[in-house]
Amino acid sequence: MEPFRKLLEAIDEKEGLEDICGLAVKTSGKFVYNRSYELQTLDNYPQPARNLTAKHRMNYFHAHYKPVALMRFSYGCPYNCSFCVLWKLCKRKYISRKNELIVKELSELDNRNVYVVDDEAFINIEKMKDLADKIRENNINKKYHMYVRSDTVANNPALFEKWACIGLDSVMIGLESIFEDDLNQYNKSISSKAQD
Ligand code: SF4
């Protein structure tokens, strides 16, 4: 990400760190917070140089998918569950990569297993329908593991059938409670009752 690149450049050039957004710099024993950094897009980043980590890939922790490639389709989450740190970090922003760029990266991946590290990749339903179509049209044959909210699955069964057909192999779902009061307290924006 941008602040990390600027940090490395500043260290390299022996420059000060006070103008780099997103950093907390220890000065006289105390952290001083620079201006915050706001990510605007994921589309300008180069694809990871996976050849540099290929020799470690069998050691990645995911027991069911070995070897596995990690990949990101989006960043952030628009929800604000009380127990979750993510929305504080991303300020409830949700940014998706262009589907064309995702398909290009997928088509160049050696690994069949893909662990999508998004916090909730399926926030934008129409975009995920389109991505599934593009993956099918490009004959990309992968197995995906993804995080998803329970209400996204319950409200969009056809979308998940579609994704199962193009390789969605497993999902991780957080079921924090079956009680309405708990869910409200957690700010889950979800109901334990069946929706119409
Ligand atoms: S939906 Fe998931 S990622 Fe988003 S705030 Fe809630 S727990 Fe965090």
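This one's a predicted model, so the numbers in the text were calculated from it and none came from an experiment.

Considerations on the overall build of the chain
Here is step 1 of the chain: Check the secondary structure of the chain and you find seven helices and eight strands.
Here is step 2 of the chain: Based on the C-alpha atoms only, the size of the chain along its principal axes is roughly 55 × 45 × 30 Å.
Here is step 3 of the chain: For the chain, the residues scored as buried account for 17% of the 196 residues in total.
Here is step 4 of the chain: Once local pairs closer than 6 in sequence are excluded, the contacts in the chain between residues at least 24 apart make up 61%.

Here we look at the sheet that holds strand β3 (residues 68–71)
Here is step 1 of the chain: Here four strands make up an open sheet; going across it, the order is β3-β6-β7-β8 and the pairing parallel. What marks the edges here is a single partner per strand, and that holds for β3 and β8 (168–172). Neighbour-to-neighbour, the strand axes of this sheet turn through a mean angle of 20 degrees, independent of strand direction.
Here is step 2 of the chain: Sheet topology places strand β7 (residues 143–147) next to β8; four bridges connect them, and they run parallel. Counterpart to histidine 145 in the pairing with β8 is serine 170.

Things to note about the domain arrangement of the chain
Here is step 1 of the chain: Each assigned domain of the chain is listed with its residue range as follows: domain 1 (1–37) and domain 2 (42–185).
Here is step 2 of the chain: Computed over C-alpha atoms only, the centres of domain 1 and domain 2 are separated by 30 Å.

Considering unusual backbone geometry
Here is step 1 of the chain: A cis amide bond links lysine 66 to the next residue, proline 67, at an omega of -10 degrees.
Here is step 2 of the chain: Along the chain, proline 67 falls in the loop between β2 (30–33) and β3.
Here is step 3 of the chain: Non-glycine residue asparagine 139 carries a positive phi angle of around 50 degrees.
Here is step 4 of the chain: Tracing the backbone through its elements, the reader meets asparagine 139 in the loop between α4 (125–137) and β7.
Here is step 5 of the chain: You will see that asparagine 187, though not glycine, has its phi angle at about 65 degrees, which is positive.
Here is step 6 of the chain: For asparagine 187, the position within the fold is in the segment after α7 (180–185).

Re the packing of α4 against helix α6 (residues 157–165)
Here is step 1 of the chain: Where α4 contacts α6, the axes come no closer than 10 Å and their chain directions differ by 25 degrees. Classified by the angle between their axes, α4 and α6 sit roughly parallel to one another. Pair α4 / α6 crosses with left-handed handedness. For the pair formed by α4 and α6, the contact residues are Ile125, Met128, Lys129 and Ala132 on the first element and Leu159, Lys162 and Trp163 on the second.
Here is step 2 of the chain: Here the contact of α4 with α6 is composed, by residue class, of five nonpolar, no polar and two charged.

Re the nonpolar core
Here is step 1 of the chain: Ranked by size, the top nonpolar core spans 20 residues in total, and within it Val114, Ala121, Met128, Leu131, Ala132 and Met146 carry the most contacts.
Here is step 2 of the chain: Within the residue set of this core, elements represented by two or more residues are β3, α3 (99–107), β6 (113–116), α4, β7 and β8.
Here is step 3 of the chain: Looking at which element gives the most residues to this core, the answer is α4, with four residues.
Here is step 4 of the chain: Sequence-distant contacts of valine 114, that is, excluding residues within four places in its chain, are made with Ala69, Met71, Leu109, Lys142, Lys143 and Tyr144.

What counts, and where the lines are drawn
- Residues numbered from 1 in each chain as written.
- Predicted model: local features only at pLDDT ≥ 70, side-chain atom pairs only at ≥ 80, totals over all residues.
- Helix = DSSP H or I, 4+ residues; strand = E, 2+ residues; numbered from the N terminus.
- Buried ≥ 20, exposed ≤ 12 C-beta atoms within 10 Å, placed from the backbone.
- Contact = placed C-beta atoms within 7 Å.
- Pairing = 2+ DSSP bridges.
- Axes fitted to C-alpha atoms, helices over the stretch in contact; angles between N-to-C directions.
- Domains from an automatic or database assignment.
- Parallel < 35°, antiparallel > 145°, perpendicular 65-115°, else oblique.
- Left-handed = near helix turned anticlockwise from the far one by under 90°.
- Nonpolar A, V, L, I, M, F, W, Y, C, P; charged D, E, K, R; others polar.
- Core = buried A, V, L, I, M, F, W, Y, C linked by C-beta atoms within 7 Å.

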